[in-house]
Amino acid sequence: MSITITGHTQLTGLLGSPVAHSISPRMHNESFQYWNLDYVYLCFDVQEAALATAVSGLRTMGVRGFNLTMPCKNRMVELCDCLSPAARLIDAVNTVVHEDGRLTGHNTDGVGFVRALKDAGHEIKGQTVTLLGAGGAATAICVQAALDGAKAIHVFARPTSRFWGRMQRLADEINRSYPCRVTLMEQSDHAQLLHALEESQLLVNGTSVGMAPNTEESLITDPACFHPGLVVFDAIYNPRQTRLLELAKDAGCETCNGLYMLLYQGAEAFSLWTGQDMPISHIKSSCFSQ
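All of these numbers come straight from a predicted model, not from anything done at the bench.

*Asks:* I tried to follow the overall build of the protein on my own but got confused; where do I start?
*Replies:* Along the protein, the regular secondary structure elements total 10 helices and 12 strands. Taken over C-alpha atoms, the radius of gyration comes to 19 Å for the protein, in line with the 19 Å a tight globule of 290 residues would show. With respect to the principal axes defined by its C-alpha atoms, the protein has extents near 60 × 35 × 30 Å. Classification of the 290 residues of the protein by burial places 53% in the buried group. Sequence separation of at least 24 residues holds for 71% of the intrachain contacts in the protein that already meet a minimum separation of 6. One finds the centroid of the 21 positive side-chain charges in the protein at a distance of 4 Å from the centroid of its 28 negative side-chain charges.

Shown next as structure tokens:
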């Protein structure tokens, strides 16, 4: 892939830490080249404490937009001039569009999750889901699953997490406004976890536990948690086969990693920045061969 930089090239990119492993630059730059667009996508390793300074610089430089990954998604909410309805409900931003000096925050993670699940041949509508985590990705998955007709969502997280209160407020809002029933339970409550998984058709890891370089970690290690009818989805894509997915596969479960969730959330961001559809088939074959 050859990229030509001109005086008119528009900058997009990814902010977070770590980001060196990301395949987003390849995905977006390949798509820009496919449509002959004068854009470029780069990675910037930015910790949450430095995010405000980095965003101020990007705004000043007139960048077209950027993505956010851990640990910056929640902090970005406070730095945007306005938020999309999804970003406001989720209280996390993974995509920013810069127009006329104003930064608009969006969240495309939930859409990416649902489209990736459908790509693997599974529907969220009518399903009971056990969700691990309460951070930005988990919240986006919870919201989109509820909006798309999930029957029930059992969320397991740490009570000491700074996101616990936000997830409880979100659960209350979903329970008031949608048919989906959301319950929030302590991650350490193994008996509750076993019970939730017994009635679930889908288990989703929405945390970073198991992500490279800590590839031997898993929030679930007990084989009794898995049953053959359970589909296990890990939002992590590096490594593509996490410890959680290995355990689930050994127990006879069908498994999916977060690779296509990344693809489809990126496709939404690409459209927001360029007004073009990402060439999904081309990107799958050139960047996402599993």
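This is not the end of the story, as more comes after the structure.
*Asks:* Please explain the pairing of strand 9 (residues 181-186) as it appears in this structure.
*Replies:* Regular strands place side chains that alternate from one sheet face to the opposite one. Summarising the sheet, strand 8 (residues 152-157) and strand 9 pair through 6 bridges and their orientation is parallel. Residue H154 lies in a different strand from strand 9, and its bridge partner there is T183.

*Asks:* Hey, could you run me through helix 10 (residues 280-287) in this one?
*Replies:* Along helix 10, the positions that sit buried rather than exposed are I280, I283 and C287. Axial view of helix 10: buried residues confined to an arc of 70°, hence all on one face. For helix 10, the exposed residues set more than 90 degrees away from the buried face come down to S281 and S285. Against helix 1 (24-34) and helix 9 (259-274) lie the buried residues of helix 10.

*Asks:* Is there a simple way to explain the layout of surface pockets in this structure?
*Replies:* Vacant regions in the atomic arrangement are exposed by a probe of water-molecule size rolled over the atoms. Quantified by volume, the largest pocket comes out at close to 480 Å³. Along the wall of the largest pocket there are 27 residues; nearest its centre are T69, M70, K73, A235 and Y237. No other element matches helix 9, which puts 3 residues into the lining of the largest pocket. In terms of residue class, the lining of the largest pocket is made up of 12 nonpolar, 13 polar and 2 charged. Lining the second largest pocket are 22 residues, with A134, G135, R158, F163 and T207 sitting closest to its centre. Breaking the lining of the second largest pocket down by element, the ones donating at least two residues are helix 5 (136-147) and strand 8. Among the residues forming the lining of the second largest pocket, the class breakdown is 10 nonpolar, 9 polar and 3 charged.

*Asks:* Mind showing me how you'd approach the pattern of salt bridges here?
*Replies:* Oppositely charged side chains are able to pair whenever their charged atoms sit close together. Using the criterion set out here, one finds 9 salt bridges in the structure. Notably, a salt bridge pairs R75 with E78, separated by 2.8 Å at the nearest N-O pair. Residue classification places E78 among the exposed positions, given a relative accessible area of 61%. Measuring nitrogen to oxygen at the nearest pair gives 3.7 Å for the salt bridge that ties E268 to R115. One end of the pair, E268, is in helix 9; the other, R115, is in helix 4 (residues 109-119), and 153 residues separate them in sequence. Using a relative accessible area of 30% as the deciding quantity, one classes E268 as partly exposed. Overall, R115 belongs to the partly exposed group, its relative accessible area being 34%.

*Asks:* I'm lost on the pairing of strand 3 (residues 65-68) in this one. Help?
*Replies:* The side-chain alternation of strand 3 yields two buried faces, one formed by G65 and N67 and the other by F66 and L68. Two strands pair when backbone bridges link them, and strand 1 (residues 10-16) and strand 3 are joined in this way by 2 bridges, in the parallel orientation. Within strand 3, the position partnered with L15 by the bridge is L68. One ladder, built from 3 bridges, connects strand 3 with strand 5 (residues 95-99); its direction is antiparallel. The residue of strand 5 that forms the bridge with G65 is V97.

Rules and cut-offs
Residues numbered from 1 in each chain as written. Predicted model: local features only at pLDDT ≥ 70, side-chain atom pairs only at ≥ 80, totals over all residues. Heavy atoms only, no water. Helix = DSSP H or I, 4+ residues; strand = E, 2+ residues; numbered from the N terminus. Rg over C-alpha atoms; globule rule 2.2 N^0.38 Å. Buried < 20%, exposed > 50% of the residue type's maximum accessible area, 1.4 Å probe, protein only. Contact = heavy atoms within 4.5 Å. Lys, Arg positive; Asp, Glu negative; His and termini not counted. Charge placed at Lys NZ, Arg CZ, Asp CG, Glu CD. Pairing = 2+ DSSP bridges. Arc of directions from axis to C-beta. 1 Å grid on protein atoms, 1.4 Å probe; cavity = no way out; pocket = protein on both sides within 12 Å on 5 of 7 lines; lining within 4 Å. Points joined across faces, edges and corners; volume = space filled by probe spheres on them. Nonpolar A, V, L, I, M, F, W, Y, C, P; charged D, E, K, R; others polar. Salt bridge = Lys/Arg side-chain N within 4 Å of Asp/Glu carboxyl O.

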